[in-house]
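# Architecture at a glance
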Amino acid sequence: QVQLVESGGGLVQPGGSLRLSCAASGFTFSRHAMSWYRQAPGKERELVATITSAGDSINHADSVKGRFTISRDNAKNTVFLQMNSLKPEDTAVYYCKVVLFLRYSYWGQGTQVTVSS
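For the structure given in this document, a descriptive report is provided here. These figures come from a predicted structure and were not determined experimentally. (Residues numbered from 1 in each chain as written. Predicted model: local features only at pLDDT ≥ 70, side-chain atom pairs only at ≥ 80, totals over all residues. Heavy atoms only, no water.)

## What to know about the environment of Gln109
Relative to the helices and strands, Gln109 resides in the loop between strand E10 (104–107) and strand E11 (111–115). For Gln109, a relative accessible area of 49% translates into the label partly exposed. Linking Gln109 and Ser30, residues 79 residues apart in sequence, is a C-alpha distance of 21 Å. Those residues in contact with Gln109 that lie beyond four places of it in its chain are Leu4, Val5, Glu6 and Tyr95. (Helix = DSSP H or I, 4+ residues; strand = E, 2+ residues; numbered from the N terminus. Buried < 20%, exposed > 50% of the residue type's maximum accessible area, 1.4 Å probe, protein only. Contact = heavy atoms within 4.5 Å.)

In structure tokens:
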């Protein structure tokens with residue numbers, strides 16, 4: 001079955017960095033685009049970044065451009081989110097997502113990121 005397992009979250013001070021990982025299994029990872037989303041308390045889940053199957057095209061939300069970078073390692077079935085210059089407003093649960101056959105969405109369990117001094 002499809003599994004997405006996020007890791008790398010934690011507590012970090014403003015201006016700090018974290019690198020999130022999402023390990024995928026149960027599908028042919030190298031054939032599918034991957035995305036990172038986040039959900040802050042009391043807010044809707046929002047798209048943070050997307051990367052194509054080959055990693056040759058990436059998109060980031062305006063709120064994280066220049067600070068976050070999505071990447072992937074198809075040999076390790078893993079997608080990453082490098083987060084630099086973190087701000088308190090980046091505090092959220094971060095999820096990775098894959099859509100299979102253009103209709104079935106799968107989510108990981110999420111990893112908490114807290115930016116606070």
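Resuming the write-up.
## Description of unusual backbone geometry
Positive phi outside glycine occurs at Asn77, with the angle close to 50°. A residue is classified by how much of its surface remains accessible, and Asn77, at 27% relative accessible area, is partly exposed.

## Description of the nonpolar core
Of all hydrophobic cores here, the largest spans 29 residues; its most connected members are Phe27, Trp36, Leu81, Met83 and Tyr94. Those elements that provide at least two residues to this core are strand E3 (18–25), strand E4 (34–39), strand E5 (46–51), strand E7 (68–73), strand E8 (78–83), strand E9 (92–100) and E11. Looking at this core element by element, the count peaks at 5 residues for E9. Those residues in contact with Met83, other than ones at most four positions away along the chain, are Gly16, Ser17, Leu18, Leu20, Arg67, Phe68, Tyr94 and Val113. (Core = buried A, V, L, I, M, F, W, Y, C linked by side-chain atoms within 4.5 Å.)

## Quick look at the state of the cysteines
By the definition in use, this model includes 1 disulfide. Disulfide partner of Cys22: Cys96, at an S-S distance of 1.9 Å. Note on the Cys22 and Cys96 pair: the S-S dihedral is about 50°, so by sign convention the disulfide is right-handed. Here Cys22 is found in strand E3, whereas its partner Cys96 is found in strand E9, with 74 residues between them in sequence. (Disulfide = S-S within 2.5 Å.)

## A closer look at the packing of aromatic side chains
Tallying each qualifying case throughout the model produces 4 aromatic pairs. Ring centres of Phe27 and Phe29 lie 6.3 Å apart, and the angle between their planes is 50°; this geometry places the pair in the tilted category. Residue Phe27 is classed as buried on the basis of its relative accessible area of 14%. Summarising the aromatic geometry, the rings of Tyr95 and Trp107 are spaced 6.3 Å apart at their centres and angled 90° between planes, so their arrangement reads as edge-to-face. (Phe/Tyr/Trp six-rings, centres within 6.5 Å; stacked < 30°, edge-to-face > 60°.)

## Remarks on the pattern of salt bridges
Side-chain pairs of opposite charge can arise where the charged atoms are in close proximity. One pass over the structure, following the stated rule, counts 4 salt bridges. Residue Glu46 pairs with Arg38 through a salt bridge whose shortest N-O separation is 2.6 Å. Judged by its relative accessible area of 34%, Glu46 is partly exposed. On the basis of relative accessible area, Arg38 is assigned to the buried category, the value being 6%. The partner of Lys65 in a salt bridge is Asp62, and the shortest N-O contact between them spans 3.2 Å. With respect to class, Lys65 is no different from Asp62; both count as exposed. (Salt bridge = Lys/Arg side-chain N within 4 Å of Asp/Glu carboxyl O.)

None of the figures reported here should be taken as evidence of function without further support.
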